[in-house]
Amino acid sequence: MLQTVLDARPAEEIVAGREQMLAAYRFMLLARLLDDKFAALYRAGKIHGGVFLGRGQEALSVAVGLTLKRSDVFAPLIRDAAGRLAFGETILDGVRTYLGSALGPMRGRDGNIHRGRPREGLLPMISHLGAMISVVNGMLLARRFKKISGTVGAACVGDGATSTGSFHEAINQAAVEKLPLVLVVANNQYAYSTPTSRQFACDSLEEKAVGYGIEVQSVDGTDLSACLKIIGEAVSRARAGAGPQMVVAQLLRLCGHGEHDPANYVDPKLKNSPLGRDCLKVAEEFLLRQKWADESQFAVWRSAAQHEIEEAVAQVQREPSPDPFVEEWRAISTERLGEMHRENES
Amino acid sequence: MKADAGITYLDAIREAQAHALRDDPRVFIYGQDVGAFGGAFKATKNLAQEFPGRVLDSPISEDAMMGLAVGTAIEGLRPIIEMQFADFSTVGFNQIVNQAATLFWRTNIPCPITVRLPFGGTSGSGPFHSQCIEAIYAHYPGLIVLTPATVEDAYSMLLEAIALDDPVIFCEHKFLYYHLKAEKLPSEALPIGKARIAREGRDLTIVTYSAMVHEALEAARELSSEGWEIEVVDLRSVKPLDTDTVVASVARTGKLLCVGEAWPWGGVTAEIVARVTGEGYGLLDAPPQRLNAKDTPVPYHPNLWAAHRPTARSVAAAARNLLRQ
Amino acid sequence: MPQLGESIAEANIVAFLVKPGDNVVADQNLIEIETNKATMTVTSPCSGKIEKFSAQLNESYAVGAVLGQIEATKEEAARLGLDVASSKISDTDRVSKPDGNGSHTRVQPTVRGLPVPANAAGASYLSPRLKARMTELGLSAADLSGVAGSGAAGRVTVEDFEKFIAQLEKQKTSDASSMRVAVADAMRRSWTRPIAHVGMPVCLDPLFAFRKIARPKPGPALCALRALAVALAENRKPAGRLVGSKIVHPSAIDIGFAVEAEDGVLVPVIRDADKKLLKDLITPYNELVELARERKLPVNATGGSIATVTNFGTFGLEWATPIPLPEQTLVLGMGAARHEPRWDSSKGQFVPVMEANLTLSFDHRVLDGGAAGRLLQRVSELMSKPDQL
C-alpha cells in the first residue's frame, strides 16, 4: 500500500521540508526492514550466495533516489536499498532477485544486488567497482544525441571504488563531455576490511574533484536533512548544465561487508563517534523534534512496512525457480548466430 | 594522390561507416583521434566533417569508452568504438566482456555495439601494435567476433555488424588496410556466420582467416605447381564458427591444416581442430595439424617478425608434411 | 544450517537458546553456532513451537544440514510461503542417470602395452577415414592385404584404398555366398594366432583288416576321431584354450568333423566321443554326414566341440595344413590312404604297407611340437588296435 501511494506521485510534488522528510524517512524505514529481512532469510539458509546490506547509509541513499526523477538515470551501489525504493524499484524486484525467482528482473541469471531495469533508468551493476559510471555517461550522452534535455544521471560508489581505474576514466570522461553526472561517494570508512588509510593518500576524497575539473560538495551522511539539501543542490546544478557534480558523504558502515562478514575490524572508536550514528535514529529524532511525526506514527509505518515485506516474501517463496531444461542457453540476441555446441544439447 | 584505381580494405571500412552514418541516425563513432584527424589509420577520414557531432574524439580511456558505448546502446543508439590498436582493447577488456557481453544474458536488452580492432602484425610494429586476440574475445559468451580477409568482406561484414543487435568485435587486419585492393564494393555478400571457400581443392584443406588467407592462397599456388590442389577455407567469422563448411571441406580432402597468426594455446586453430575431430573424426585420413605464431610476444626486428608468424613458405611446408603422411 | 560465509562449510553448535516445547516467533534466534571466523545465530523461519532439535551440542554440521523441527500452523506456513512442498532446487536426476554401482573406475594412464604412436617414424596406421570407409564396405584389414600403401611408412591412404576399390569394380565380380563369407571370417579370426603343423604317417592295415570283419564298417576318419577322443580323455591339455594368461580346460570331449557342403565346410559334432565305443558311433556319424550334406543339421548338432577332425584324403590330398576353427586349438587331419614301401627288418626287405598321413595343426601358444607329436603318437597307437576303440 505504501508503495502505490508513493509511486503515483511525480517527484516534483515532494517539496523540500516536511513532505520530503516524511517520504524519505518512510523509504529509509522500509529499506532498513527489508535489509533486516534479507539478513534473517540469509541466517535461515534461504538465500543462495551473498547478502549485502545498506545499514547506516539509508539517509544518503534515499536522498539520491528521492531527488532523481523517474526519467533520470540511477546506478546504485550495493548498499542503496533505500535509494532504489525511492527511485521506484518495487520490493518484489529485490525479494525475487535474492530468492532466485524466475519471475524477477534478472530471471535467476544474476542475483542479490545485481539487479535493475536498464530501460527504466535503473542500472543493474556488474561486480567490478566503478564500472557503472561510464555506462551512466553513455546514457546521458545518448539522451543528448536524441535531444532529450534535462536528464541527470547519478552514480553511487563507495570509498573503495574511488581507487579503480574505471572510476578515474569515467569521471574524466564525464568532465570532458560536460555530462550532467552526479557522482555520489559514500565514504563509509571501509571497503570490506580495508580502512580508508589504505585506500587513498589524499586528505579527503573531495580533493580528487579538483583533478578532474568538476564541482564537489561534502555532506554528513548520517543527517537526512543535510543529505536531501546537498544532493538536491548537486542534482539541480547538474540538470542546469553545470557539468559533473561530486558529492562526498561521510558515514559509517553499520553492517558487515556482506552478511557472512562479522566485521570485527571496524574501529570501535568510529562506532562510538558521531560518524557512527544511526541515520534512521537521527531522522526519527529530527521528525520528533519538528513534531512532524510521533512514536505511534512510527509504529504504524513500521508495522505496515513489515507486513508488506512479509507478503512479498511469502509470494515469492511460491514462485518457480528457473528451469535449466527450459532456459534459453544463448548469450546473444540474434538467434541464427547462436552456436550450438554438442555438449550443450541435453 | 596516387593514380591507382581501386578500393583498399581501409577505404571499404570507411565507406561502410559512412553508409551506416548516413542510413541510420542512431549510429555514431567514438574513439581516439577519430574526429577531425580522421583516425590513426584514416579509417574515419572526413566522416566528422560529413556527419558533424557523430564522430567524437575520446580521451585515452578504453574502459570508459566501452562503458559509455554500453550506456548509449541501452538508450537505443548504435555506437562504433574504434580502438586504436587491438592491443589496447585489453584496457577496456573488463567492460567488453563483463558489461557488454553480459547485458543481453542478464537483462534481455540487446547491446548493439561494434568495436573495431586494428589487429595483426606489420613489420616493425612490435609486441604492442601487432596482437591477434580474437580467440580471447571469442571465448566469452555474448560476443560476435569477425575477421574479414577481403576488401568486399571488410565492407559488407562491417555494415552487417553495425546492423546486428549484439556486440561485435570487428578485427581489421592492419597489413591488409593498404595492401589489399578491389575494383569495386560488393552489392551482396555471404552473411556473417558463413565461411567462404577461397580456393577449391582436393588434397588438403587449409582453414584460416584474415591476412593468413592470402598466405594460404600463395602457398596453394606454390603447391599447385607440384601437383597438389589445396582447398582454402576463409572462416570470415571466428564466432560463430562455420563448422559445417569446414567439415564438408575435410570430407572432400581428408586432411586438415589450420593456420592462424595468433598464438598457439587455445587459439582459433585449436577450436577448429577440436570441432573437426569431434564431429568429423571419420573424415580424417591424417592427424589434423595447426600452424600458429610462436609462443612469444610479437618481436620487433623484421628478421624475427618474419619467422614469428606463418608465411606462405611455412604454410606450404606444413602442408607438404601433411600431404606426405 | 544456513550459509556461513565464503568457503566455510560447517559450524559447531555452541548453545541452544530455546528448548523443545517453547513457542517462538519468526526470525527469533534459536541456536548459537561458531565457525573459525565468527559466532552467529540460526533464526526461526516462522512462528510456532519447537518440536525437537536433531542437532547436538558441540557437534559440527554442514551447511544445509537439518538442525531441528518447528511445528507451525497451516496459516503460518501459508503466510510465509513455506507451504510449497516441492524443492526449488532443479531435479538433478534429470541431469544424468547415476551409474548402477555408483562407482567410477579411475583410469591409470600408461604407455605400457600401447601400440607405437601413429605419427612415430616407422609406424603405419589405418586412419579414421579409412576405417570409416572400410566399415561402410564391410571390409577388414585382411581385405587390404593386396593394397600397396603409398603413404608414409607404407601406410594405406584413403587414396590408395579408393583406387583399389575402383580397380575391383572394373573386374568381374560375383557375390560371395553367406557360407563363404562366414568361413572367410572364421579363418581370418583363427589366423590371428600362430598356427603350427606336425605330421606323421599312420599304418592303416589293422584298420582295413578290422573293416573286413566289422559290421557296420567304421571309416578311417571316424576311427581317427574316436582315437583322438580317447587320447584327449587321457590328457586334455592339448585341447585347452589360451585366453590372456589363463588356460581354459575343455569340459566335455565333444569332437567335430568337417563335412564339405556347398561352397564351404560344416562341422557336425559327436558329443562325449570318449564315452562311446567306435561301433556305437558309426550310425550317428553317418546320419550327421547325410544331414550336413543336405544342410539340415539341427542347431545342437554343431558348435561347442573342442577339436575337429578333417579327412582331406577324400580329395586325394596326401598332405595338408588345415587351419583350426577360431574357437579351437587343434585340428587333426587325415590324408589319402596309399601303399607305401616300408622296411621290414624281420624280412630283410621292403614290404607294402597301407599308410596315410596324420597331421595336427595347432595354436602354438598352447602347445609345442613335443606335445603335438606325442598326441599324434597316441592317436596312431590307438588306431592300430581298432577293435579296442
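Predicted model, so just to flag it, every value in this text is computed and none were measured. (Residues numbered from 1 in each chain as written. Chains lettered and ligands numbered in written order. Predicted model: local features only at pLDDT ≥ 70, side-chain atom pairs only at ≥ 80, totals over all residues.)

Enquirer: Would you mind going over helix H10 (residues 243-253) of chain B in detail, with residue names and values included?
Expert: Residues and elements named next belong to chain B. Three or more residues of H10 are buried, namely Val246, Ser249, Val250 and Thr253. Looking straight down H10, one finds its buried side chains confined to an arc of 100 degrees; they lie on one side. In this structure, the buried residues of H10 make contact with strand S9 (196-199), strand S10 (204-208), strand S11 (230-234), strand S13 (256-259) and helix H11 (268-279). Of the residues flanking the end of H10, it is Gly254, one or two places downstream, whose phi is positive at about 80 degrees. (Buried ≥ 20, exposed ≤ 12 C-beta atoms within 10 Å, placed from the backbone. Helix = DSSP H or I, 4+ residues; strand = E, 2+ residues; numbered from the N terminus. Arc of directions from axis to C-beta. Contact = placed C-beta atoms within 7 Å.)

Enquirer: Tell me about the interface of chain B and chain A, and please be specific about residues and values.
Expert: In this complex, chain B contributes 36 residues to the contact, which on the side of chain A involves 34 residues. Elements that contribute at least two residues to the side of chain B that touches chain A include exactly helix H3 (62-74) and helix H5 (93-107) of chain B. When the residues that make up the side of chain B that touches chain A are grouped by side-chain class, the tally is 18 nonpolar, 13 polar and five charged. (Nonpolar A, V, L, I, M, F, W, Y, C, P; charged D, E, K, R; others polar.)

Enquirer: Any chance you could break down the nonpolar core for me, citing the residues and the numbers?
Expert: If you look at the biggest cluster of nonpolar residues, it comprises 209 residues, and the most contacted ones within it are Met28(A), Val136(A), Val184(A), Val247(A), Ile206(B) and Ala319(B). The greatest single-element share of this core, amounting to 14 residues, is contributed by helix H2 (residues 18-43) of chain A. When residues of this core are assigned to domains, at least three fall in each of domain 1 (7-182) and domain 2 (196-323) of chain B. Every residue in contact with Ala319(B), bar those within four places of it in the chain, is listed here: Leu204(B), Ile206(B), Ala219(B), Leu223(B), Ile230(B) and Leu257(B). In this structure, Val202(C), Ala229(C), Leu232(C) and Leu358(C) belong to the second largest nonpolar core, which totals 48 residues. (Core = buried A, V, L, I, M, F, W, Y, C linked by C-beta atoms within 7 Å. Domains from an automatic or database assignment.)

Enquirer: Before we move on, can you summarise the packing of H3(B) against H5(B) with the specific residues and values?
Expert: Residue and element names in this part refer to chain B. Viewed as axis vectors pointing N to C, H3 and H5 meet at an angle of 10 degrees, and their least axial separation amounts to 9 Å. If you check the angle between H3 and H5, you find them roughly parallel. Taken together, the residues of H5 that come into contact with H3 (itself represented by Asp63, Met66, Gly67 and Val70) are Asn94, Gln95, Ile96, Gln99, Ala100 and Leu103. Among the residues making up the contact of H3 with H5, the classes are represented as five nonpolar, four polar and one charged. (Axes fitted to C-alpha atoms, helices over the stretch in contact; angles between N-to-C directions. Parallel < 35°, antiparallel > 145°, perpendicular 65-115°, else oblique.)

Enquirer: Can you break down the interface of chain B and chain C residue by residue, with the values?
Expert: Counting residues at the interface gives 10 residues for chain B and 11 residues for chain C. Looking at side-chain class alone, the side of chain B that touches chain C contains five nonpolar, three polar and two charged residues.

Enquirer: Quick rundown of helix H13 (residues 312-323) of chain B? Include the residues and the values.
Expert: In this model H13(B) runs 16 Å from its N-terminal to its C-terminal C-alpha over 12 residues, within 8% of the 16 Å that 1.5 Å per residue would give. Of the surrounding elements, those touching the buried residues of H13(B) are S10, helix H9 (211-224), S11, S13 and strand S14 (289-291) of chain B. (Expected span 1.5 Å × (residues − 1).)

Enquirer: Can you tell me about the sheet that holds S11(B), naming the residues and giving the values?
Expert: Backbone hydrogen bonds hold the strands of a sheet together, and the pairing may be parallel or antiparallel. Residues and elements named next belong to chain B. Within the open sheet, the five strands sit side by side as S9-S11-S10-S13-S14. Their pairing is mixed. At either end of the open sheet lies a strand with only one pairing partner, and these are S9 and S14. Pairs of neighbouring strands in the sheet enclose a mean axial angle of 25 degrees, with direction left out of account. Bridging between S10 and S11 involves five bridges; their strand directions are parallel. By the bridge assignment, Val207 is partnered in S11 with Val233. Relative to the sheet, H10 contacts S9, S10, S11 and S13, its axis offset from that of S11 by approximately 175 degrees. Running over the sheet, H11 touches S10, S13 and S14 and is turned about 155 degrees from S13. (Pairing = 2+ DSSP bridges.)

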